[in-house]
Every structure is written in C-alpha cells, then in structure tokens.
Amino acid sequence: MRRVAVTGIGVVSPLGNSVAEVWANAVAGRSAVHRLEAPFTGRLAAPLAATANFDGAAHFDGPRLRMLDRCSQFALFAANQAMKDAASAFSVAGSDADRERAGIFIGTGMAGSISMDDGYQTLYGAGSDRIKPYTILLGMHNAAAAWIGIEHGFRGPNLTYSTACSSAAVAIGEAWRRVASGELDIAIAGGSEAPLSCGSMKAWEALHTLATVDANDASASCKPFAKNRSGMVLAEGAACLVLEPWDEARSRGAFVHGELLGCGLSNDASHITQPSVAGQAATMRAALRAAGLDAAQIDAINAHATGTQANDRAETAAIKDVFGARAGQIPISATKAMHGHLLGAAGALECVLTLLALRHGVALPTLHLDLADADCDLDCVPHQARHGLALRKMLSNSFAFGGSNAVLVLGAAPPT
Amino acid sequence: MSTTHDRLCAILLKDFKVDAAALTPEVALESLGIDSLGTVELLWNVEEVFRIKLPAEPVRLLTLGDVVRYIDSLLALQDDGAAGGTLAPAA
C-alpha cells in the first residue's frame, strides 16, 4: 500500500469559501448557525440553518447554471478550488492511460433535492405539468461527481456515495483505498449537500431531530455534548480534497496538507436511526486497523457530535470503549456547533477541519457547552480552541442514519 | 407584432450565450452551442413564450429557421383548433 497525501483542499461552507476563512472562523469559535430567512420559513417550527454565502450566478454562466443544482454548484466550486490548490501534474491533455487513473469520489445524502422540490412544487403545488426539462439532470445523485469529471477530464472511476451523514467520509475513504492500492494516481474526493428546501427541512423536522431555537441566541442552538442539547441544525456546503500518492507529491514539491492514513467502515445492523455504541466503536477500531495504528497513537478526535441526545451519548460511550482509560485525556471537538450538519458533506468539511487542526496544532472548540452532561463526560474542548498541541494523528468520525458508519484517520504532514 | 424569428431570438439572447450577429435563419443550432439537450430546453421555453403545446412526436430541428418554421406550423394548427391544445394561462 502507498502512503496518500492530501495535496489540495477546496471548500464552500457556512464557515467560509476558502481554507483560510474556514480556519479563521473555526479557531475563533464563530457560529454560522442563524435564523433562516426564506419564503417558507414561516412553516418551520425552528427556522434555523447554517448557510453558505454562495451565489452560483457569480461562478457559472446562465446556460451552465441552469443545469446545476445548488449541490452540484457547491461541489464544482470546491473541486475547482482543490485542483487549483493541488497544482498537480495531471492534465486533461494527458494520455488516456493517465486520465483513466484519475478518479472522483463524492458523497451526498440528498443531492439535487432543491431541484426535485421545485419540480414537485410545479407539479403538485402549482398544478402545472410544465416541469423543467433538466429536472432529472439537476436531481440525480451522481450529477455533482459527473460535472467534476467533465470539468477536469478525469476518466477513471466516477463514483457517488449516499450513506446519509457518512457519505463524504465513505467517499474519501474509498478514494484513499484506491490511491493507496495503486489503482489510481490522483483522486478528487469529498462531499456536497444543499438540503435547505422547504420539503427537505419539513421532512427533517417531522423526524424530531432538529434543534429548537435558543431563546437568547439563535446561533447557539446546536449544543453538542451539552445536557440541554436539542438536536442538529441543517447546513449546506461542500468540501473536496485532492489525493495523490505521498512519494509522488513530495517528489514534485507539492504542498502537503496532511496524510490520509486510513478509513474504517462498518454497519450497525441494528436500528434505522438509533446509533449503536458497538457499531461506532467497531468503526473506529476498523479505521485504526486500516491505518495500522494503535488507539494510543491518536491525539485528538473530530467527533460526529450532531447535538442529538442519542448520537452524542452513544459516541461518548463508543470513544470510551475504544480508548479506555485514555478517553478522558483526548481532546474531542464537536465542530457542528459552528457549521451545522452538512449531512452528506459533513465528513468532508470535518476532514478538512481535522487536517487543519493537525497542521496548526489546535483542538477546535465545542461551542455552547455550558451545561455538562454526565453521559458526555469527555474532554470536549468547551468554548475556546486549545492551541499549541502536538497533534500527529486524529480521527474524524462520521455516523449515519441506517447505521452506515465511517471513520477517517488523518496525520500531520511532517515538515519537508 | 414581432415575428416568430424575433421572438425566438429574444429567448436565445436571454437564456443562451449566443452572439446576436450570428442569429440568421440558416445558422445551425449546434454552432450556437445548442446541442440536442439544449434544444429540449429551448423548446420548453418556446412553449411558454408562444403559448403552444408541442406534440410528443420527435422533430428534427437543425437550424434556427427550422425552429421558426416548426413554431409557425404549430401556431397555424392551433389557430385551426387542431393542435395538441394551448397552454392554460399562467396563474
């Protein structure tokens, strides 16, 4: 197996649309959660979201834009940024053989749900049969990955993973496996989600998983690991990584953001929504095995930590199960308090934050953790970032409805 | 009243990135950057603007003039009351 370097990062997210902006906001502990203003918010019990400041019209011309759901717009923007950042030797003018060793791996939970929602509004709301001719192209789950492939000329595997909230972590993990095994020489991997339509927000609301509005401060509504946590806040955005074999990246003098050391996948096989402590623990162990590491070598964790009662309690127990007596000494960051839950893109944005945390030696803060919960009694880095840490290896946890879990293991890039 | 050609060009200029000077009856849709998929979208807009309903039968439209003649033929049929039916007015 080859070592895998992250040579490019691209983001569009509630915390910003560049790596620098995302990192500055994350370290400062700025919550991007806010009251959502949209025509339908009067119909929502808790009109909260974390939105990306992103206008597709500023990035794509009219004919192109009409073929891109917001999810694909995010994905293309993030992939383009990541490719520019990587400045790899890959070229669309390269040989077929080279281009076939370039793959794309994108996670999304709901893909073009805004476009589908628009279509249903036309059909059922307006009672019109004039549904947009591109609705299928806008709504299909593999649209984002397909557009990235077209844009960058990658002709290898073009795969879309939809495993709810672990989609992006699964996509990144599968890309890692193929670059590590030697099957691919370059991969764009990440996730994208644009779930802030009336239909999808009402559906999430109906499941009783969304946070209530904090009466004093709407931006503090998502409170992972806190006793008074009330649920998750939906968010939108995308993040993409460029992965390349470590030795090649180093030999061409690429800036390496960090190392992707491994990925563990497993399934709870127990309940469609209730997380399983055993399942989450098994996934973390699988990730450690894939990376060839012992639990003692993990310095910090970016938790899945959605802010629901069930997830945060189960994840705490799972971390204790894997890390034993050391569990309480490991900084555990729940960054969804800041950027909300990007669903199928969450694992990608959190992977980026984990790489940046490793690079800067910072444990990101868990905001709004004022009321401790005896069931979540780990070191959750409350309120403020912790600087000056020697972080070498971290986990980034992603757990999903359906029990499809994925955990990534990331490493700091040693100085060149 | 503007001609079918003018109204069609207005759609093209508004929704597609085309050069106004290129909009002659003989110009191929492909050369305007409008492929078969783009033609589907163009015709969807044509239905709205001309308030006609396109028949389900496939039609071969290669040039701007082909589209103009197609629209005119449908408008004529519609006036005769024999077309697939006009669209209901927008709400």
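Here, every reference points to the structure presented above.
First things first, this report covers the structure right here in the doc. Keep in mind it's a predicted model, so treat the numbers as computed, not measured.

1. Here's the deal with the pattern of salt bridges
Here is step 1 of the chain: Applying the stated criterion to the full structure yields 25 salt bridges over all chains.
Here is step 2 of the chain: Between R2(A) and D185(A) there is a salt bridge; the shortest N-O distance is 3.4 Å. Of this pair, R2(A) sits in the segment before β1 (4-12) while D185(A) sits in the loop between α8 (167-181) and β6 (186-193); the two residues are 183 residues apart in sequence, bridging distant segments of the chain.
Here is step 3 of the chain: Residue D66(B) pairs with R69(B) through a salt bridge whose shortest N-O separation is 3.0 Å. Of the two residues, D66(B) and R69(B) both sit in helix α3 (residues 64-79), 3 residues apart, roughly one turn of that helix.
Here is step 4 of the chain: Overall, R69(B) belongs to the exposed group, its relative accessible area being 54%.
Here is step 5 of the chain: Within the structure, one salt-bridge network assembled from shared partners comprises R2(A), R101(A) and D185(A).

2. Here's the deal with the nonpolar core
Residues and elements named next belong to chain A.
Here is step 1 of the chain: Grouped together as the largest cluster of nonpolar side chains are 61 residues, with contacts concentrated most on I9, F105, I172, L241, L243, L260 and L408.
Here is step 2 of the chain: At 10 residues, helix α14 (residues 346-360) tops the list of elements feeding residues into this core.
Here is step 3 of the chain: There are two domains that each give this core at least three residues, and those are domain 1 (4-258) and domain 2 (262-411).
Here is step 4 of the chain: Setting aside its immediate chain neighbours within four residues, L408 contacts A169, I172, G173, L260, G262, C263, C351, M394, L395 and S396.
Here is step 5 of the chain: Grouped together as the second largest cluster of nonpolar side chains are 34 residues, F54, F60, I106 and A143 included.

3. Quick word on unusual backbone geometry
Residue and element names in this part refer to chain A.
Here is step 1 of the chain: You will see that A164, though not glycine, has its phi angle at about 50°, which is positive.
Here is step 2 of the chain: Within the secondary structure, A164 sits in the loop between β5 (158-161) and α8.
Here is step 3 of the chain: In this structure A164 comes out as partly exposed when scored by relative accessible area, which is 28%.
Here is step 4 of the chain: One non-glycine residue, H208, lies in positive phi territory at about 60°.

4. With respect to the interface of chain B and chain A
Here is step 1 of the chain: Opposite the 11 residues of chain B that make contact, chain A presents 10 residues.
Here is step 2 of the chain: For the pairing of chain B and chain A, the buried interface totals around 1,000 Å² over both sides, and the portion due to carbon and sulfur atoms is 55%.
Here is step 3 of the chain: On the chain B side of the contact with chain A, L37(B), E41(B) and W44(B) bury the most area, a combined 54% of that side's loss.
Here is step 4 of the chain: The interface formed by chain B and chain A holds 9 residue pairs in polar contact (both at pLDDT 80 or more) in total.
Here is step 5 of the chain: Counting residues per element, the side of chain B that touches chain A draws most heavily on helix α2 (residues 36-50) of chain B, at 7 residues.
Here is step 6 of the chain: Within the side of chain B that touches chain A, the residues separate by chemical class into 5 nonpolar, 1 polar and 5 charged.

5. What about the sheet that holds strand β7 (residues 237-245) of chain A?
Residues and elements named next belong to chain A.
Here is step 1 of the chain: Within the open sheet, the 10 strands sit side by side as β5-β4-β6-β7-β1-β8-β12-β11-β9-β10. Their pairing is mixed. Looking at which strands have only one partner, the edges of the open sheet turn out to be β5 and β10 (332-333).
Here is step 2 of the chain: Alignment of strand β4 (residues 102-107) against β6, held across 6 bridges, turns out to be parallel. Residue pairing across strands places I106 opposite G190, the latter belonging to β6.
Here is step 3 of the chain: Against the sheet, helix α7 (residues 143-152) touches β4, β5 and β6, its axis set at about 150° to β4.

6. Observations regarding the packing of aromatic side chains
Here is step 1 of the chain: One pass over the full model with this rule turns up 6 aromatic pairs over all chains.
Here is step 2 of the chain: Taken together, a centroid distance of 5.3 Å and an interplanar angle of 70° make the contact between F54(A) and F74(A) edge-to-face. Taken together, the residues F54(A) in the loop between β3 (48-50) and α2 (62-65) and F74(A) in helix α3 (residues 70-86) connect sequence positions 20 residues apart.
Here is step 3 of the chain: Since its relative accessible area comes to 7%, F54(A) is described here as buried.
Here is step 4 of the chain: Ring plane angle 15° and centroid distance 6.0 Å describe the contact between Y120(A) and Y124(A), whose orientation is recorded as stacked. A residue pair is termed a helical-turn pair when its members lie 3 or 4 positions apart in one helix, as Y120(A) and Y124(A) do in helix α5 (residues 113-125) at 4 residues.
Here is step 5 of the chain: Looking at Y120(A), the relative accessible area reads 42%, which means it is partly exposed.
Here is step 6 of the chain: Members of the aromatic cluster, joined through ring pairs, are F54(A), F74(A) and F77(A).
Here is step 7 of the chain: Sitting over the ring of W246(A), R3(A) keeps its end group 4.2 Å from the ring centre.
Here is step 8 of the chain: The ring of F16(B) has R66(A) lying over it, and the distance from NZ or CZ to the ring centre is 5.1 Å.

Calculation criteria
- Residues numbered from 1 in each chain as written.
- Chains lettered and ligands numbered in written order.
- Predicted model: local features only at pLDDT ≥ 70, side-chain atom pairs only at ≥ 80, totals over all residues.
- Heavy atoms only, no water.
- Salt bridge = Lys/Arg side-chain N within 4 Å of Asp/Glu carboxyl O.
- Helix = DSSP H or I, 4+ residues; strand = E, 2+ residues; numbered from the N terminus.
- Buried < 20%, exposed > 50% of the residue type's maximum accessible area, 1.4 Å probe, protein only.
- Core = buried A, V, L, I, M, F, W, Y, C linked by side-chain atoms within 4.5 Å.
- Domains from an automatic or database assignment.
- Contact = heavy atoms within 4.5 Å.
- Buried area = accessible area lost by both parts, 1.4 Å probe.
- Polar contact = N/O pair within 3.5 Å; in protein donor to acceptor, adjacent residues only side chain to side chain.
- Nonpolar A, V, L, I, M, F, W, Y, C, P; charged D, E, K, R; others polar.
- Pairing = 2+ DSSP bridges.
- Axes fitted to C-alpha atoms, helices over the stretch in contact; angles between N-to-C directions.
- Phe/Tyr/Trp six-rings, centres within 6.5 Å; stacked < 30°, edge-to-face > 60°.
- Lys NZ or Arg CZ within 6 Å of the ring centre and 35° of its normal.

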